[in-house]
Amino acid sequence: MVVSFPALAQDAPASAAGWTGSGELGLTSASGNTRAQNINAALSAGLDDGRWHHDASVFWLRNRGEVEVDRNLDGVPESEMEDTANRYGLAFSSAFDLDKRSYLVGSLRYDHDNFASYLWHGVAAASYGYRWLDDDRLRLVTEIGPGFRRSHDASSGAVENEGIVRGLADFGWQLNDSTRLLDTFLVESGRLNTFVQNDLGLQVSMTQALALKVGYQVRYNSDVDPGFKKTDTVTMLNLVYSVK
């Protein structure tokens, strides 16, 4: 499967101004002894307006695979294509610079997964951010603050509400003129569940607008229902189009 999730923190230097945006798309298809279809898409947009910085992103992942199902209950299974993954989400944040390095940020995040222990999460948080490094070569930004999470348990149908602590670390390293290493770590920890997501990627520019991106995503929930795994991993290969 392939998927990518854009960083919630800005990927441009603090001095940048105006609109930025990017779109990502990954497609795979297999046939023959095994049939499988995968698609993922992501869009992100950012606006720097003086001391204000606004970011929005959406993503979608769908995977269909061949399964054996005995629909007629005759003991003879038949091959059918069924969804094995269907996940989408969106995020929005607005940050206000206190000075060149420090800022305050409000963030909203919604995540929906038809094949997870939690059908959906909705998170709102207010955080303090600090730019430890932020130039053309290296970027390291951290955020931490309180928040509120509302979650839907897929098995019981119960909706859980809890206060959380949100933390984020965003790292970027320009290895050379065309290659950039990216890593975004997000944690939302509360009494009922701790959610962790890490996105590691390597992006290679082909032109000023087009790039190839390979990445590895890890998602973890500390509290899941029986039959569900706590950790999900996803590998991605995407074509990226950027507008600056």
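Quick notes on the rules
- Residues numbered from 1 in each chain as written.
- Predicted model: local features only at pLDDT ≥ 70, side-chain atom pairs only at ≥ 80, totals over all residues.
- Heavy atoms only, no water.
- Phe/Tyr/Trp six-rings, centres within 6.5 Å; stacked < 30°, edge-to-face > 60°.
- Helix = DSSP H or I, 4+ residues; strand = E, 2+ residues; numbered from the N terminus.
- Buried < 20%, exposed > 50% of the residue type's maximum accessible area, 1.4 Å probe, protein only.
- pLDDT = per-residue confidence, 0-100.
- Contact = heavy atoms within 4.5 Å.
- Pairing = 2+ DSSP bridges.
- 1 Å grid on protein atoms, 1.4 Å probe; cavity = no way out; pocket = protein on both sides within 12 Å on 5 of 7 lines; lining within 4 Å.
- Points joined across faces, edges and corners; volume = space filled by probe spheres on them.
- Nonpolar A, V, L, I, M, F, W, Y, C, P; charged D, E, K, R; others polar.

Novice: Residues and numbers for the packing of aromatic side chains, please.
Specialist: Aromatic rings considered in pairs are described by the distance between their centres and by the relative angle of their planes. Taken as a whole and assessed by the stated rule, the structure comprises 4 aromatic pairs. Note on Tyr88 and Tyr110: the rings are 6.5 Å apart at their centroids and 40° apart in plane angle, and the pair reads as tilted. One end of the pair, Tyr88, is in strand E4 (residues 78–97); the other, Tyr110, is in strand E5 (residues 102–113), with 22 residues separating them in the sequence. Take Tyr110: its relative accessible area is 27%, and that puts it in the partly exposed class. A network of ring pairs unites the aromatic residues Tyr88, Tyr110 and Trp120 as a single cluster.

Novice: Explain the confidence of the model for the chain to me, using residue names and the numbers behind them.
Specialist: A residue-level look at the chain finds 86% of positions with pLDDT of 70 or above and a mean pLDDT of 87. Considering only residues more than four positions removed or in separate chains, one finds that residues 1–16, a stretch of pLDDT under 50, has 66 contacts.

Novice: Can you lay out the pairing of strand E9 (residues 179–190) for me, pointing to particular residues and giving the numbers?
Specialist: Where strand E8 (residues 159–174) lies against E9, 11 bridges are found, and the strand directions are antiparallel. The residue of E9 that forms the bridge with Trp173 is Leu181. Counted along the chain from E8 to the antiparallel partner E9, the turn is 4 residues long. The sheet contact formed by E9 and strand E10 (residues 194–205) spans 11 bridges and is antiparallel. Bridge pairing in E10 places Val187 opposite Val196. Where E9 hands over to E10, the hairpin turn is made up of 3 residues, counted between the paired strands.

Novice: Outline the layout of surface pockets, listing residues and values.
Specialist: Unoccupied space between atoms shows up once a probe the size of one water molecule is rolled over them. The calculated volume of the second largest pocket comes to roughly 400 Å³. In terms of lining, the second largest pocket is formed by 25 residues, of which the most central are Arg87, Asp113, Phe115, Ala116 and Asp232. Listed by contribution, the elements that provide at least two residues to the lining of the second largest pocket are E4, E5, strand E6 (118–134), strand E11 (210–221) and strand E12 (231–243). Counted by class, the lining of the second largest pocket contains 10 nonpolar, 8 polar and 7 charged residues.

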